[in-house]
Amino acid sequence: YAKDPDIVIIACCGFDLERNVKDAMSSSAALKKLRAAQNECIFACNGDKYFTRPGPRLLEGVLTIARCAYDTDEDVIRALNTLNFVFEEDLEWEKVPLFENEDQGCNAIVEDIEDIIGTTEKDFMAIHKAACSAGEMVYVDPSTGYNVFTELAHKRRGKCCGSGCRHCPYNHENVKDKASKIMQPAFLYNGSGDHKINRAPDDQPLIDREIKILFFSGGKDSFLTIRALLRSNKSRKKVLIILLTTFDSTSRVIAHQEMHIETVVKQATHLNLPLLGVPVHRASKESYTERISRALNVIAEQVGGKDKISSLVFGDLHLEHIRSWREKELGPLGYHLEFPLWQVSFVELSKDLQASGIKVVVSASTKSGIDVGDEYNQTFLQKILDMGEIDMFGENGEFHTVAQVWVVSRDKALGV
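Presented here is a report on the structure given in the accompanying data block.

Reading the values: rules and limits
Residues numbered from 1 in each chain as written. Predicted model: local features only at pLDDT ≥ 70, side-chain atom pairs only at ≥ 80, totals over all residues. Heavy atoms only, no water. Helix = DSSP H or I, 4+ residues; strand = E, 2+ residues; numbered from the N terminus. Contact = heavy atoms within 4.5 Å. Areas by Shrake-Rupley, 256 points an atom, 1.4 Å probe, with all protein chains shown as cover. Axes fitted to C-alpha atoms, helices over the stretch in contact; angles between N-to-C directions. Parallel < 35°, antiparallel > 145°, perpendicular 65-115°, else oblique. Nonpolar A, V, L, I, M, F, W, Y, C, P; charged D, E, K, R; others polar. Pairing = 2+ DSSP bridges. Buried < 20%, exposed > 50% of the residue type's maximum accessible area, 1.4 Å probe, protein only. Arc of directions from axis to C-beta. Polar contact = N/O pair within 3.5 Å; in protein donor to acceptor, adjacent residues only side chain to side chain. Left-handed = near helix turned anticlockwise from the far one by under 90°. Phe/Tyr/Trp six-rings, centres within 6.5 Å; stacked < 30°, edge-to-face > 60°. Core = buried A, V, L, I, M, F, W, Y, C linked by side-chain atoms within 4.5 Å.

Another aspect to go through is the overall build of the protein. Counting its regular elements, the protein contains 17 helices and 15 strands. Considering only intrachain contacts with a sequence separation of at least 6, the fraction spanning at least 24 residues in the protein is 67%. On the protein, roughly 20,500 Å² of surface is accessible, and the fraction owed to carbon and sulfur atoms is 50%.

What follows is the structure, encoded as structure tokens:
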């Protein structure tokens, strides 16, 4: 956002025009904040055809960039049309209609993570499992038709190649830009000092820590849960909070919150709390519980076993059906479930939020009159109070927020 470009072209590696348009639309709330969106200058094209490999079609890619960049300049368009190596109608690009559904009065919200998993007919996880059972090194992805390496192929290689492969068995340990590339649960931030999760041989072990896994969305409720955990810790052991965040594997956006996973990495880094990212695949019938179990196993490997994890923590406030669902689905995994903010009054929550000194901003909204970018403050609270029938914390999904913890020091934010 700091650069706020004039033009944005979506040309993701390996994806055709239709897929790039779809991914751009799924991130519409984030893209709409850009000047390029306001000027209708966000485009998508066939990234797989024009940009992913060296060859003659790179020239068509250059022409596509020029055509998008000068979309309103008729002189440039005429000049491009005089070039004889390609016809404009053959180029695969289009303007992304981010504001197409503005009249519906709400942002296009990414589906709930629990809804994304297990709803598609094309289940690559089942195909992968069958391929591994047959000893095969690759299988054909049912959505794209591309060959995909199986876990067996990666194990035969003997190391993580650093590309963010779908079935990497090495927790993506050699991937540089993990927030953008990981396809399996992996640590996006390891923590530092006493909060470091990947311990070197000469580091102090974690045996003196009470380890709690917080299901973290990046919003104000999740943030207040951190403060509550630190405040209520009565154990002689120091508490180590590990953040766990699920996000869509394609858009890299957190469901409902409409924020990119990189924002949560920024939060975790500032607060110096280890963060495990859990990409969720639409093209898989793997259940939510199975995906979370896989993620928790990654953490258990780092801390010395499942028994070292004292609890799974959630920032739910008062919705009984949400808490009951968590207890039903995640309880059988064998961990203690903890709800530090359960039935805490709005007054207490508001006082604690104000004491933290952080800035809270609306990241997604389903209500007309509540806009992305609104600051969650006394003026905002008075506005929604006047609107009526809206939970002051947005607990019923009326709006979602991002906790900008970086505007104050770590100690101030956490109350330590």
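A few words on the packing of helix α11 (residues 220-232) against helix α15 (residues 346-356). Direction vectors running N to C along α11 and α15 enclose 85°, while the axes themselves pass 10 Å from each other. Classified by the interaxial angle, the pair formed by α11 and α15 is roughly perpendicular. Residue-level inspection shows Lys220, Phe223, Leu224, Arg227 and Arg231 of α11 in contact with α15, the latter providing Leu349, Asp352, Leu353, Ala355 and Ser356. The residue inventory of the contact of α11 with α15, partitioned by class, reads five nonpolar, one polar and four charged.

Now for the sheet that holds strand β3 (residues 93-95). Consider a sheet: its strands pair through backbone hydrogen bonds, and that pairing is either parallel or antiparallel. Overall, mixed pairing links the three strands, which are arranged β1-β2-β3 in an open sheet. Either end of the sheet is taken by a strand with one partner, and the two such strands are β1 (8-10) and β3. Pairwise comparison of adjacent strand axes, ignoring direction, gives a mean angle of 25° for this sheet. On top of the sheet, helix α1 (residues 17-26) reaches β1, β2 (42-45) and β3; it is set at about 145° to β2, its chief contact. Where helix α5 (residues 57-69) meets the sheet, its contacts fall on β1, β2 and β3, and the angle it forms with β3 comes to roughly 20°.

With that settled, the discussion passes to helix α16 (residues 378-387). For α16, the set of buried residues is Phe380, Leu381 and Ile384. Relative to the axis of α16, the buried residues are bounded by an arc of 100° and lie together on one face. Pointing more than 90 degrees away from the buried face of α16 are the exposed residues Gln378, Thr379, Leu385 and Asp386. Looking at the buried side of α16, the elements it contacts are α15, β14 (359-365) and β15 (399-404). Where α16 starts, the residue carrying a side-chain oxygen 3.2 Å from the main-chain nitrogen of Thr379 turns out to be Asn377. Following α16 by one or two positions, Gly388 adopts a phi angle in the positive range, close to 75°.

Here the phi dihedral of Arg252 falls at roughly 65°; this positive angle occurs in a residue that is not glycine. For Arg252, the position within the fold is in the loop between β8 (238-248) and β9 (253-254). Positive phi, normally seen in glycine, also occurs at His256, with a value near 75°. By the secondary structure assignment, His256 is in the loop between β9 and β10 (259-260).

Let us look at the packing of helix α13 (residues 288-303) against helix α14 (residues 320-330). In contact at an axis separation of 10 Å, α13 and α14 are set at 70° when each is read in the N-to-C sense. As judged from the angle between their axes, α13 and α14 are roughly perpendicular. Of the two elements, α13 crosses α14, and the hand of that crossing is right-handed. The segment α13 lies against α14, with Tyr288, Thr289 and Ile292 engaging Trp325, Glu329 and Leu330. Of the residues that constitute the contact of α13 with α14, the class distribution is four nonpolar, one polar and one charged.

This part is about the packing of aromatic side chains. A complete count under the given rule lists eleven aromatic pairs for this structure. Residues Phe314 and Phe339 carry aromatic rings whose centres are separated by 5.4 Å and whose planes lie at 25° to one another, so their mutual orientation is stacked. In this pair, Phe314 is assigned in the loop between β12 (309-313) and α14 and Phe339 in the loop between β13 (337-338) and α15, connecting sequence segments 25 residues apart. Residue Phe314 shares its accessibility class with Phe339, and that shared class is buried. Geometrically, the ring pair formed by Tyr376 and Phe399 is tilted, given 6.2 Å between the ring centres and 35° between the ring planes.

To continue, consider the environment of Asn396. Along the chain, the position of Asn396 falls in the loop between α16 and β15. For Asn396, a relative accessible area of 53% translates into the label exposed. Distance from Asn396 to His318, taken between C-alpha atoms, is 9.8 Å for residues 78 residues apart in sequence. With residues near it in sequence (within four places) discarded, Asn396 still touches Leu319 and Asp391.

Before going further, it helps to spend a moment on the environment of Met259. Structurally, the position occupied by Met259 is in strand β10. For Met259, a relative accessible area of 5% translates into the label buried. Sequence separation between Met259 and Ala29 is 230 residues, and the spatial gap between their C-alpha atoms is 8.4 Å. When near neighbours in sequence (up to four residues on either side) are disregarded, Met259 contacts Ser217, Gly218, Gly219, Arg252, Val253, Ile254, Val264, Ser363, Thr401 and Val402.

Another point: the environment of Leu273. Summarising the element assignment, Leu273 is placed in the loop between α12 (261-271) and β11 (275-280). Sequence spacing of Leu273 and Leu243 is 30 residues, and the spatial spacing of their C-alpha atoms is 6.8 Å.

So, about the sheet that holds strand β7 (residues 209-215). Read from one edge to the other, the open sheet built from six strands follows the order β6-β11-β8-β7-β12-β13, with strand pairing classed as mixed. The two strands at the open ends of the sheet, each matched to only one other strand, are β6 (186-189) and β13. Two strands pair when backbone bridges link them, and β8 and β11 are joined in this way by six bridges, in the parallel orientation. Its bridge partner lying in β11, Leu243 is registered against Leu275.

Turning next to the nonpolar core. Nonpolar side chains in soluble globular proteins generally cluster together in the buried interior. With 49 residues, the main nonpolar core has Ile226, Leu243 and Ile358 as its most contacted residues. Non-local contacts of Ile226, meaning those with residues more than four positions away in its chain, are made with Leu214, Phe216, Ile241, Leu243, Leu271, Leu273 and Leu414. Ranked by size, the runner-up nonpolar core spans 27 residues in total, among them Ile292, Ala295, Ala300 and Ile309.

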